[in-house]
Amino acid sequence: MSDDAMTTPVATPATTPTPVSLSPIAGHLTARRRQLITALIVFAALALVPKLISDVYLMNVLILTLLFAALSQSWNILGGYCGQVSLGHALYFGIGAYVTSILFVKFGIVPWVGLAAGGVLASLLALALGYPCFRLKGHYFSIATIVIAEMGLLLVHNWDYAGAALGIQWPFGPDSWWTLQFARDKAPYFYFVLGLFAVVWLVTFAIVESRWGYWWRAVKDNPEAAESLGVTVFHSKMAAAGVSAFFTAIGGGFYAAFVSYIDPESVMQFRFSLLMALPAVLGGIGSLWGPAVGALILIPLAEFTRSYMGGSGSGLDLAVYGALIMVVSLTRPEGIMSIFDGFGRKRAAS
Amino acid sequence: MTTQALLQVLASGLLMGLIYALIAVGLSLIFGLMDVVNFAHGEFLMLAMYATFGLVLATTLDPILLMPLVVAVMFAVGVSAYAGVVRYAMRATTNQGMVQIFATFGLAILIQGLAQYFFTPDFKSIQHSWLGGRTLDVGGVFLPWPQIYGGLISLATFGGLFLLITRTDFGKALEATREDQGAVALVGIDRNRVFALGWGLGAALVGLAGAVLAVFYYIHPNVGSTFGLIAYVTVALGGFGSIFGALVAGVVVGLVEALTTVILPPALKSVGIYTLYLGVLFIRPSGLFGRL
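All of these numbers come straight from a predicted model, not from anything done at the bench.

## Quick look at the overall build of chain A
Link 1 in the chain: The helix and strand inventory of chain A stands at 16 helices and two strands.
Link 2 in the chain: In chain A, which comprises 350 residues, the share counted as buried stands at 52%.
Link 3 in the chain: Accessible area for chain A stands at about 15,800 Å²; split by element, carbon and sulfur atoms hold 70% of it.

Set out below in structure tokens:
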């Protein structure tokens with residue numbers, strides 16, 4: 001409230017509210033509303049994509065892009081907002097894929113149940129692992145997450161019931177939303193994964209401005225200070241890990257339905273952990289659109305280089321991919337979204 | 001299980017452990033010096049193995065004679081990696097930890113891709129060396145000469161490293177930079193130069209390990225991933241930055257791995273190391289000899 005308004009109360013009739021006085025909060029609210037509307041427009045526009053594209057290869061790339069946008073957003077909740085750099089999210093992805101596949105193939109339980117079960121199981125495991133792991137700091141935490149995921153990979157590799165190294169093949173069935181199997185048309189997969197991305201985005205959007213969101217950023221910036229201000233650092237990390245693992249596992253379950261065949265290497269390799277973190281790092285850690293922007297660049301690039309250069313495992317595609325990761329992380333440590341931040345700030349200032 | 005069989009397992013584990021320690025110590029050294037984890041460490045090892053293989057093909061000399069050359073090449077690789085990548089990663093003001101992880105990881109993928117492109121994904125091995133195929137019989141316990149030789153090189157290297165750090169100017173500069181990066185600038189030590197030399201030394205050490213390993217292990221573009229992970233576990237177990245910790249942890253990892261194969265099927269041999277590592281970390285979050 002401006003000083004003028006305070007000193008001349010009589011001049012201002014009580015019935016007319018002074019819009020200026022509330023500007024910081026009101027401005028914030030409109031910014032939030034604008035973000036939400038933009039997001040809904042983006043989701044709606046994306047929903048039209050299957051009507052425009054019929055090419056199967058291109059649809060596949062787009063489905064993977066959206067999947068990794070969703071996965072990276074899930075990773076971002078723990079790694080980006082809460083600052084806990086997990087390099088073992090392949091574990092949760094694998095749990096989602098395996099639980100969904102086992103329930104469907106061995107027990108005939110529809111993937112929808114499997115997705116939920118996988119999500120809950122991954123969440124519980126994340127909480128159980130968080131108990132010891134969140135005492136570790138920095139690199140110790142990251143390396144522990146790699147090791148735990150590798151251990152999961154080893155165990156699944158030797159788990160005969162789950163097909164060991166051979167993995168699990170889904171039976172071919174008629175196209176159906178019920179069993180999430182679509183052999184002829186890729187569009188339903190696209191809608192599913194778009195829905196998943198939208199949900200993860202909206203959950204992130206809702207949480208980041210809530211009490212938890214503020215706690216997470218406090219834990220990321222300075223855990224000691226946060227603790228002294230009454231933030232329970234440990235519980236904050238646990239909550240972030242639980243949410244993050246839940247959505248990662250759902251992504252894994254979807255992936256299993258999408259490719260209809262999983263084996264330990266194809267869902268739990270270390271590479272997957274990185275593939276989940278990279279888009280967020282590239283696009284912008286701890287930002288709402290960073291993971292999606294990063295995925296939009298990385299996944300098509302990886303897929304195209306693989307199909308054009310990666311024939312017979314020549315390795316050139318890997319080299320290009322590695323060089324790109326290096327260059328981007330060095331030249332734009334804040335991520336690509338920071339370019340837009342700059343515009344926003346300039347516009348607000350002028 | 002007979003005593004002799006157990007002794008055999010322990011001896012093999014000990015020798016392999018010494019080589020693990022040699023692989024890990026460069027990683028620990030760089031971390032202690034500048035708080036950076038090199039995620040391309042395993043790829044450095046792979047490069048050293050290919051360098052050994054290539055030099056053997058080119059010169060037809062014995063791999064043992066070529067070792068100094070491999071170490072020199074890897075020193076150059078280390079300095080270049082610092083000058084070309086890490087120096088820039090250190091400049092990031094936001095997300096520095098993340099930038100370092102992904103910059104060195106990008107480098108790892110780049111090296112792996114190039115190795116696959118230039119050397120093909122095929123497995124290679126060095127067929128002839130003075131040591132190849134010969135074993136030493138110590139009272140019924142058979143030890144392959146390449147591993148004995150690797151273990152001895154590892155011990156000698158740790159001794160040399162200890163002397164280097166305590167007795168030479170470079171070693172003192174290294175220690176001083178570890179202790180306080182700001183203060184060394186005041187006494188006229190060029191921090192950048194120490195870092196570059198530190199990376200050179202770190203890569204040269206893993207280069208030595210690669211030259212040792214190349215004599216008795218298959219060489220392929222993904223060989224770095226396996227040993228890289230063992231190196232991270234070893235360093236974290238011993239405590240990041242602790243050179244003595246790397247030696248002890250390397251031996252422990254080698255022994256535990258060997259003992260695990262007695263109890264579990266060979267495919268699960270790493271489960272023992274991982275379990276031990278996690279167990280220790282949950283009791284001592286900064287490793288056995290870590291300062292945090």
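## Some details on the side chain of Asp-62 of chain B
Residue and element names in this part refer to chain B.
Link 1 in the chain: Among the structural elements, Asp-62 can be located in the loop between helix H2 (41–59) and helix H3 (63–89).
Link 2 in the chain: Within the buried set, Asp-62 has no salt-bridge partner at all; the shortest N-O distance to an opposite charge, 8.4 Å, is to Arg-134.
Link 3 in the chain: Aside from chain neighbours lying at most four places away, what touches Asp-62 is Ser-129 and Trp-130.

## Some points on the environment of Ala-39 of chain A
Link 1 in the chain: Note on placement: Ala-39 of chain A falls in helix H2 (residues 23–47).
Link 2 in the chain: Apart from the residues lying within four places of it in its own chain, the contact partners of Ala-39 of chain A are Trp-201 and Trp-289 of chain A.

## Details of a nonpolar patch on the surface
Residues and elements named next belong to chain A.
Link 1 in the chain: Together, Phe-107, Ile-109, Val-113, Trp-159 and Tyr-161 line one region of the surface with nonpolar side chains, adding up to about 470 Å² of accessible area.
Link 2 in the chain: Structurally, Tyr-161 can be placed in the loop between helix H7 (138–157) and strand E1 (168–169).
Link 3 in the chain: Accessibility expressed as a relative area gives 39% for Tyr-161, which makes it partly exposed.

## A look at the interface of chain A and chain B
Link 1 in the chain: Contacts between chain A and chain B engage 43 residues on the former and 48 residues on the latter.
Link 2 in the chain: Carbon and sulfur atoms make up 80% of the surface buried where chain A meets chain B, a total of about 3,900 Å² over both sides.
Link 3 in the chain: Among the residues chain A hides against chain B, the three largest losses belong to His-139, Tyr-140 and Ile-143 of chain A. Together they make up 19% of the total.
Link 4 in the chain: Between the two partners, chain A and chain B, sit zero salt bridges.
Link 5 in the chain: Seen at the junction of chain A and chain B, the total is four residue pairs in polar contact (both at pLDDT 80 or more).
Link 6 in the chain: Elements that contribute at least two residues to the side of chain A that touches chain B include exactly helix H4 (56–81), helix H6 (111–133), H7, helix H13 (270–283) and helix H15 (316–331) of chain A.
Link 7 in the chain: At 12 residues, H7 of chain A tops the list of elements feeding residues into the side of chain A that touches chain B.
Link 8 in the chain: Residue composition of the side of chain A that touches chain B, by class: 29 nonpolar, nine polar and five charged.

## What to know about the side chain of Ser-86 of chain A
All names here are of chain A.
Link 1 in the chain: Among the structural elements, Ser-86 can be located in the loop between H4 and helix H5 (90–107).
Link 2 in the chain: Ser-86 sits in the buried class, given a relative accessible area of 3%.
Link 3 in the chain: A distance of 3.2 Å separates the side chain of Ser-86 from the backbone nitrogen of Gly-88, its partner in a polar contact.
Link 4 in the chain: Leave out the neighbours within four places in its chain, and Ser-86 touches Trp-75, Leu-78, Phe-141 and Thr-145.

## A few points about the pairing of strand E1 (residues 135–138) of chain B
In the case of a regular strand, side chains alternate between the two sheet surfaces.
Link 1 in the chain: Where E1 of chain B meets strand E2 (residues 141–144) of chain B, four bridges bridge the pair, whose relative direction is antiparallel. The partner of Thr-135 of chain B across the bridge, within E2 of chain B, is Pro-144 of chain B.

## Section: the nonpolar core
Link 1 in the chain: Of all hydrophobic cores here, the largest spans 210 residues; its most connected members are Tyr-98 of chain A together with Ile-23, Met-34, Phe-44, Phe-102, Trp-199 and Tyr-277 of chain B.
Link 2 in the chain: In this structure Tyr-277 of chain B touches Tyr-140, Ile-143, Ala-144 and Val-147 of chain A together with Val-233, Ala-236 and Leu-237 of chain B, once residues within four positions along its chain are discounted.
Link 3 in the chain: Ala-11, Leu-15, Val-141 and Leu-143 of chain B belong to the second-largest nonpolar core, a separate cluster that totals five residues.

## Observations regarding the packing of aromatic side chains
Residues and elements named next belong to chain A.
Link 1 in the chain: With the rule as written, the count across this model stands at 36 aromatic pairs over all chains.
Link 2 in the chain: With centroids separated by 5.8 Å and ring planes inclined at 80 degrees, the aromatic side chains of Tyr-131 and Phe-234 adopt a geometry described as edge-to-face. Of the two residues, Tyr-131 sits in helix H6 while Phe-234 sits in helix H11 (residues 233–259), which places them 103 residues apart along the sequence.
Link 3 in the chain: The partly exposed category is assigned to Phe-234, whose relative accessible area is 30%.

## Here's the deal with unusual backbone geometry
Residue and element names in this part refer to chain A.
Link 1 in the chain: Even without a glycine there, the phi angle at Ser-260 is positive, about 60 degrees.
Link 2 in the chain: Looking at where Ser-260 falls in the secondary structure, it is placed in the loop between H11 and strand E2 (261–262).
Link 3 in the chain: Judged by its relative accessible area of 15%, Ser-260 falls in the buried class.

## Section: the packing of H2 of chain B against helix H8 (residues 191–213) of chain B
All names here are of chain B.
Link 1 in the chain: The interhelical angle for the contact between H2 and H8, taken along N-to-C directions, is 55 degrees, at an axis separation of 8 Å. Regarding the angle of H2 to H8, the classification is oblique. Between H2 and H8 lies a crossing of right-handed hand. Across the interface between the two elements, His-41, Phe-44, Leu-45, Ala-48, Met-49 and Thr-52 of H2 pack against Trp-199, Ala-203, Val-206, Gly-207, Ala-209, Gly-210, Ala-211 and Leu-213 of H8.
Link 2 in the chain: The class makeup of the residues in the contact of H2 with H8 is 10 nonpolar, four polar and no charged.

## A few points about H6 of chain A
Link 1 in the chain: With 23 residues, H6 of chain A ought to run about 33 Å at 1.5 Å a step, and its terminal C-alpha atoms sit 31 Å apart, in line with that.
Link 2 in the chain: The complete set of buried residues in H6 of chain A reads Pro-111, Gly-114, Leu-115, Gly-118, Gly-119, Ala-122, Ser-123, Ala-126, Leu-129, Gly-130, Pro-132 and Cys-133 of chain A.
Link 3 in the chain: Against the buried residues of H6 of chain A lie H5, H7, helix H8 (187–208) and H11 of chain A together with helix H11 (269–283) of chain B.

## Re the pairing of E2 of chain B
Link 1 in the chain: The alternating pattern of E2 of chain B places Val-141 and Leu-143 of chain B on a buried face, while none of Phe-142 and Pro-144 of chain B, on the opposite face, is buried.
Link 2 in the chain: Hairpin connection of E1 of chain B to E2 of chain B: two residues between the antiparallel strands, including Gly-139 of chain B at a positive phi of 55 degrees.

## Some words on the confidence of the model for chain A
Residue and element names in this part refer to chain A.
Link 1 in the chain: Summing up the model confidence of chain A, the mean pLDDT is 83 and the portion of residues at 70 or higher is 89%.
Link 2 in the chain: Predicted confidence in chain A is weakest over helix H1 (residues 3–7), with a mean pLDDT of 43, and strongest over H5, with 94.
Link 3 in the chain: Counting contacts from residues 1–14, a segment whose pLDDT is below 50, to residues more than four positions away or on other chains yields three contacts.
Link 4 in the chain: Here residues 343–350 is a poorly scored stretch, pLDDT under 50, and it has zero contacts once near neighbours within four places are set aside; other chains count.

About the criteria used
Residues numbered from 1 in each chain as written. Chains lettered and ligands numbered in written order. Predicted model: local features only at pLDDT ≥ 70, side-chain atom pairs only at ≥ 80, totals over all residues. Heavy atoms only, no water. Helix = DSSP H or I, 4+ residues; strand = E, 2+ residues; numbered from the N terminus. Buried < 20%, exposed > 50% of the residue type's maximum accessible area, 1.4 Å probe, protein only. Areas by Shrake-Rupley, 256 points an atom, 1.4 Å probe, with all protein chains shown as cover. Lys, Arg positive; Asp, Glu negative; His and termini not counted. Salt bridge = Lys/Arg side-chain N within 4 Å of Asp/Glu carboxyl O. Contact = heavy atoms within 4.5 Å. Patch = residues over 30% accessible without salt bridge, like charges linked within 9 Å, V, L, I, M, F, W, Y side chains within 5 Å. Buried area = accessible area lost by both parts, 1.4 Å probe. Polar contact = N/O pair within 3.5 Å; in protein donor to acceptor, adjacent residues only side chain to side chain. Nonpolar A, V, L, I, M, F, W, Y, C, P; charged D, E, K, R; others polar. Pairing = 2+ DSSP bridges. Core = buried A, V, L, I, M, F, W, Y, C linked by side-chain atoms within 4.5 Å. Phe/Tyr/Trp six-rings, centres within 6.5 Å; stacked < 30°, edge-to-face > 60°. Axes fitted to C-alpha atoms, helices over the stretch in contact; angles between N-to-C directions. Parallel < 35°, antiparallel > 145°, perpendicular 65-115°, else oblique. Left-handed = near helix turned anticlockwise from the far one by under 90°. Expected span 1.5 Å × (residues − 1). pLDDT = per-residue confidence, 0-100.

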